[in-house]
Amino acid sequence: MKVNGKNFKTIWFENDKVKIIDQTKLPHHFVIKDLFSVKDSIKAIKTMEVRGAPLIGATAAYGLVLAIIENNDLSFLKKASDDLIASRPTAINLKWAVDRMMKKLIGVNNQDILKIALKEAKDIVDEDIEFCKKIGLNGLKIIEEIAEKKEDTVNILTHCNAGWLATIDWGTATSPIYHAHQKGIKLHVWVDETRPRNQGANLTSYELNEEGISNTVITDNAGGILMQRGQVDMCIVGTDRTLSNGDVCNKVGTYLKALAAKDNNVPFYVALPSSTIDWNINDHKKIPIEERNSEELSHVEGIDENNEIKKVRIYPQKSKSLNLAFDITPAKLVSGLITEKGVCEASKKGLKELFK
Ligand code: MRU
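Residues numbered from 1 in each chain as written. Predicted model: local features only at pLDDT ≥ 70, side-chain atom pairs only at ≥ 80, totals over all residues. Heavy atoms only, no water.

*Asks:* What is the right way to read the packing of helix H2 (residues 53–70) against helix H5 (residues 113–150) from this model?
*Replies:* Pairs of packed helices are described in terms of their axes, by the angle between the two and the distance that separates them. Two elements in contact, H2 and H5, have axes separated by 9 Å at closest approach and are oriented at 170 degrees. Taken together, the axes of H2 and H5 lie roughly antiparallel to each other. Along its contact with H2, which presents Pro54, Ala58, Ala61, Tyr62, Val65, Ile68 and Ile69, the element H5 presents Ile113, Leu114, Ala117, Leu118, Ala121, Lys122, Ile124, Val125 and Asp128. Of the residues in the contact of H2 with H5, the class split is 14 nonpolar, no polar and two charged. (Axes fitted to C-alpha atoms, helices over the stretch in contact; angles between N-to-C directions. Helix = DSSP H or I, 4+ residues; strand = E, 2+ residues; numbered from the N terminus. Parallel < 35°, antiparallel > 145°, perpendicular 65-115°, else oblique. Contact = heavy atoms within 4.5 Å. Nonpolar A, V, L, I, M, F, W, Y, C, P; charged D, E, K, R; others polar.)

This is the structure we're talking about:
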């Protein structure tokens, strides 16, 4: 999608380096950063220079490519894959991408391994772009139906950033929005700020602005009253891990939006590529919920008058804090799952029918 009118992807490989957009600097500075080693890749994932389930999967895949360039040795590669998987625990795409890479790489001879790793990482990236595009076309039909009935601007609420910056291109939750916009449907997006890291305000609003899509940042708690006032026609969010029974794990606060949507008869959709489905877990209590540094809560970052990013404390040093990064939205609150294969009910039956 576009930055200053120019098309970008979030990650690419060039001259033995991996290029990423450093998302910790957005929306104030657009910085392209080089990753030279698997250590750099792990750091980029941990510090959220790259974030979003599909993008951290792709970064891990390219992290293994960098590991092979650094040291073409199986035990080094195995250690790199374990360290990459451990770098963020909740999004299943990370493990999915590393497992897919390792399956291709184990047993391959040393001369061929780099070529095979590069091809597999590129396949993961290309496939994600294709899947996100299809998610957009499938979700577009839902927006079109609402637009036909309403004959006025369609108001969509989204949480966190499940946009192109969280994937490679298009995004998941934003892909139907981009497709609808390109078709000329009048849209407006309510963007949840998404404390503590403000991915909504910093990233979703930024990328919608760059594409010329009308949007308004709201506090995380404002969605309920907007729904009561009839100002939200549908919600679309992304997910970090969707279980085979349709339960959805996504950025903390998603569950509360789904509850409010249910109470107000607002359709609540979750958009995801199949790489985000965890077929092995049936019980959401088994999902490791990432607990991040409390400094993300106690401090806020912004830009000062000299264009420099500054961090300030916002509450007493003595106060304790708990920074849970994700929550679970039970399948019964989800109107449908928008996938690359079509839209299905959020249930074992619905998912099985699409992904036989
Ligand atoms: O902590 P983040 O910024 O990585 O969380 C991102 C989300 O929660 C997204 O909604 C999710 O990864 C889906 S991205 C298409």
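*Asks:* Teacher, can you tell me more about a nonpolar patch on the surface here?
*Replies:* Together, Tyr255, Leu256 and Leu259 give the surface a local cluster of nonpolar side chains, amounting to about 260 Å² of exposed area. Overall, tyrosine 255 belongs to the partly exposed group, its relative accessible area being 32%. (Patch = residues over 30% accessible without salt bridge, like charges linked within 9 Å, V, L, I, M, F, W, Y side chains within 5 Å. Areas by Shrake-Rupley, 256 points an atom, 1.4 Å probe, with all protein chains shown as cover. Salt bridge = Lys/Arg side-chain N within 4 Å of Asp/Glu carboxyl O. Buried < 20%, exposed > 50% of the residue type's maximum accessible area, 1.4 Å probe, protein only.)

*Asks:* Help me out: how do you make sense of the site of the ligand in this one?
*Replies:* Surrounding the ligand, one finds 18 residues, the nearest of these being Ala53, Arg88, Gln199, Asn250 and Lys251. Between the ligand and arginine 51, the relevant distance is 2.9 Å, taken from an oxygen atom to a side-chain nitrogen or oxygen of the residue. For the ligand, an oxygen atom lies 2.7 Å from a polar atom in the side chain of lysine 251. Against a free-state accessible area of 410 Å², the protein chains account for coverage of 99% of the ligand. For the shell around the ligand, the residue count by class is seven nonpolar, seven polar and four charged. (Near = heavy atom within 4 Å. Polar contact = N/O pair within 3.5 Å; in protein donor to acceptor, adjacent residues only side chain to side chain.)

*Asks:* Would you mind showing me how to read the domain arrangement of the chain here?
*Replies:* Structurally, the chain comprises domain 1 (2–127) and domain 2 (137–354). Taking the mean C-alpha position of each, domain 1 and domain 2 sit 24 Å from one another. Each partner contributes to the interface: domain 1 provides 34 residues, whereas domain 2 provides 36 residues. Of the roughly 2,900 Å² buried between domain 1 and domain 2, counting both surfaces, carbon and sulfur atoms make up 56%. (Domains from an automatic or database assignment. Buried area = accessible area lost by both parts, 1.4 Å probe.)

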